Amino acid sequence: MASAEQDPRIVYADIIHLPHWQSPTHPHMSLHDRAAQFSSYKALSGYEDMVVEEARLTDEEHKLEEEDLERLDRKLRLIANDIRKGDHPLISFTVFVPDERKPGGRYEVIEDTVARIDVVAHKVILTGKQDGCHMRKTISFDKIHDIGGDLVKEIDEDWQ
């Protein structure tokens with residue numbers, strides 16, 4: 001201890017043995033509650049969600065070649081002819097679904113019965129029976145990357 005400083009036991013000798021003061025209006029806090037006051041908290045709320053979102057990967061949409069577009073067109077015409085005959089084929093569509101939060105998206109396979117093909121609006125209208133919902137889904141032509149199913153498998157075999 002430096003010689004200029006006084007001994008704290010001497011400086012506070014008059015109050016060191018006094019009882020601890022208790023508030024008459026606020027009850028004594030338990031040790032558990034006192035510890036909770038000083039427990040850690042999230043100073044950066046939302047940071048973990050932001051890191052997870054940034055780490056989430058998305059696929060890049062691949063542009064189709066002219067040959068692929070021609071094959072899709074042939075498949076759509078074959079499906080439309082089948083619908084005109086009164087059949088509603090079960091078809092699987094590989095579509096690109098853009099991500100809502102960041103560039104890119106994901107490829108998704110939708111398998112359902114085709115109700116009709118709307119060439120004016122450039123959409124395929126599905127019945128919605130396969131996924132249990134009774135609401136018709138639509139798929140835009142420009143989001144379709146592949147079409148599969150028994151009806152169109154001949155086109156893929158002929159193409160190769």
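Structure's up top.
Residues numbered from 1 in each chain as written. Predicted model: local features only at pLDDT ≥ 70, side-chain atom pairs only at ≥ 80, totals over all residues. Heavy atoms only, no water.

Trainee: Describe the sheet that holds strand β4 (residues 138–140), naming the residues involved and giving the relevant values.
Mentor: Ordered in space as β4-β3-β2-β1-β5, the five strands form an open sheet in which the pairing is antiparallel. One side of each edge strand has no neighbouring strand; the edge strands of this open sheet are β4 and β5 (144–148). Taking the axes of each pair of neighbouring strands and ignoring which way they run, one obtains an average angle of 40 degrees across the sheet. Sheet analysis places strand β3 (residues 123–126) next to β4, joined by three bridges and oriented antiparallel. Considered in β4, the bridge of K123 is made with S140. (Pairing = 2+ DSSP bridges. Helix = DSSP H or I, 4+ residues; strand = E, 2+ residues; numbered from the N terminus. Axes fitted to C-alpha atoms, helices over the stretch in contact; angles between N-to-C directions.)

Trainee: Account for the side chain of D112, naming residues and giving values.
Mentor: As for its position among the elements, D112 is in strand β2 (residues 105–118). For the buried D112, no salt bridge is present, and the opposite-charge side chain at shortest range is K137, 5.9 Å distant. Among the polar contacts made by the side chain of D112, one reaches the side chain of T127 at a distance of 3.2 Å. (Buried < 20%, exposed > 50% of the residue type's maximum accessible area, 1.4 Å probe, protein only. Lys, Arg positive; Asp, Glu negative; His and termini not counted. Salt bridge = Lys/Arg side-chain N within 4 Å of Asp/Glu carboxyl O. Polar contact = N/O pair within 3.5 Å; in protein donor to acceptor, adjacent residues only side chain to side chain.)

Trainee: Tell me about the nonpolar core, and please be specific about residues and values.
Mentor: Formed by 17 residues in total, the largest nonpolar core has its most connected members in F93, V114, V124 and I147. Of all elements in the fold, only α4 (66–84), β1 (90–98), β2, β3 and β5 reach the threshold of two or more residues within this core. Element by element, the count of residues in this core is highest for α4, at five residues. Contacts of V114, omitting those with residues within four sequence positions, involve I79, I83, H88, P89, I91, F93, V124, I125, L126 and T127. (Core = buried A, V, L, I, M, F, W, Y, C linked by side-chain atoms within 4.5 Å. Contact = heavy atoms within 4.5 Å.)

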